[in-house]
Structure formats: C-alpha cells, structure tokens
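Here is what each chain is made of, one letter per residue.
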Amino acid sequence: MTERRPWPNAAMEVRDQAAEAAVRGLRALTPLVQGVTLDRTETVRRQAQALHELQRIAWLLASVGAPVRPEDVGGR
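Described below are features of the structure shown in this document. (Residues numbered from 1 in each chain as written. Predicted model: local features only at pLDDT ≥ 70, side-chain atom pairs only at ≥ 80, totals over all residues. Heavy atoms only, no water.)

For the rest of this paragraph, the subject is the overall build of the chain. Assigned secondary structure in the chain consists of 3 helices and 0 strands. Going from N to C terminus, the chain has its helices and strands arranged as α-α-α. The principal-axis extents of the C-alpha atoms in the chain amount to approximately 45 × 35 × 15 Å. The proportion of buried residues among the 76 residues of the chain is 21%. The long-range fraction of contacts in the chain, counting pairs at least 24 apart against all pairs at least 6 apart in sequence, stands at 44%. When the accessible surface of the chain is split by element, carbon and sulfur atoms take 58% of a total near 6000 Å². (Helix = DSSP H or I, 4+ residues; strand = E, 2+ residues; numbered from the N terminus. Buried < 20%, exposed > 50% of the residue type's maximum accessible area, 1.4 Å probe, protein only. Contact = heavy atoms within 4.5 Å. Areas by Shrake-Rupley, 256 points an atom, 1.4 Å probe, with all protein chains shown as cover.)

Let us now look at the side chain of Arg-46. By the secondary structure assignment, Arg-46 is in helix α2 (residues 40-63). Judged by relative accessible area, which is 17%, Arg-46 ranks as buried. Among the polar contacts made by the side chain of Arg-46, one reaches the main-chain carbonyl oxygen of Arg-27 at a distance of 3.3 Å. In this structure, Arg-46 is in contact with Arg-27, Ala-28, Leu-29, Pro-31, Leu-32 and Leu-38, ignoring residues within four places of it in sequence. (Polar contact = N/O pair within 3.5 Å; in protein donor to acceptor, adjacent residues only side chain to side chain.)

The subject of this paragraph is the nonpolar core. The biggest cluster of nonpolar side chains holds 5 residues, and these are Val-14, Ala-18, Ala-21, Ile-57 and Leu-60. Contributing elements (two or more residues each) for this core: α1 (9-34) and α2. Per-element tally for this core: the top contributor is α1, with 3 residues. Beyond its immediate sequence surroundings of up to four residues, Val-14 is in contact with Leu-60, Leu-61, Ser-63 and Val-64. (Core = buried A, V, L, I, M, F, W, Y, C linked by side-chain atoms within 4.5 Å.)

A word on the environment of Gly-25. If you trace the backbone, Gly-25 turns up in helix α1. The exposure class assigned to Gly-25 is buried, which follows from its relative accessible area of 9%. Separated by 23 residues in the primary sequence, Gly-25 and Ala-48 place their C-alpha atoms 9.5 Å from one another. Beyond its immediate chain neighbours, meaning those up to four positions away, Gly-25 contacts Ala-50 and Glu-53.

With that settled, consider α2. When the terminal C-alpha atoms of α2 are compared, their 35 Å separation across 24 residues agrees well with the 34 Å that a helix rising 1.5 Å per residue should span. Those residues of α2 lying buried are Thr-43, Arg-46, Ala-50, Glu-53, Ile-57, Ala-58 and Leu-60. Elements that come into contact with the buried residues of α2 comprise α1 and α3 (70-73). In this structure Asp-39 caps α2, since a side-chain oxygen of it lies 3.2 Å from the backbone nitrogen of Thr-41. (Expected span 1.5 Å × (residues − 1).)

None of the figures reported here should be taken as evidence of function without further support.
Encoded structure:
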C-alpha cells in the first residue's frame, strides 16, 4: 500500500467516507462478478446498491474539488 499523503481535515474525512462507500459497492458487486447464482431481485438490488455507492463517491469527491459535473453523477 502506498504511504498516505497529508490531506486537509475536511478532505480527509471525505476521503475516508469515499473509501467506505467504495468497499460497500465492491461487496455488493463481488458475488455477481464471481458468478454466484442469485435471483433476479437480489441481482438488481446489488446493482442498485453499487450504483448508489458510486454516485455517493462522485458527490463526495466533487464536494472537495474533484472536477465532477453534476450531470455526470445524476445517472441520466
């Protein structure tokens, strides 16, 4: 793992929240990618959860200056 670089306090909190959201999204998608057989409802639920976490990550990073356009995050 690479060494942590110093971040301003507010950005550090956002970084940590984004990392937690990424892990939640990974956990939602991992069974789908590994080929675990799930019913259609569970598959869609996991896809929606992963999408939600990706949108959260984008909004979090945009809140601390990442060049993310709102129209790219809205899912349209």
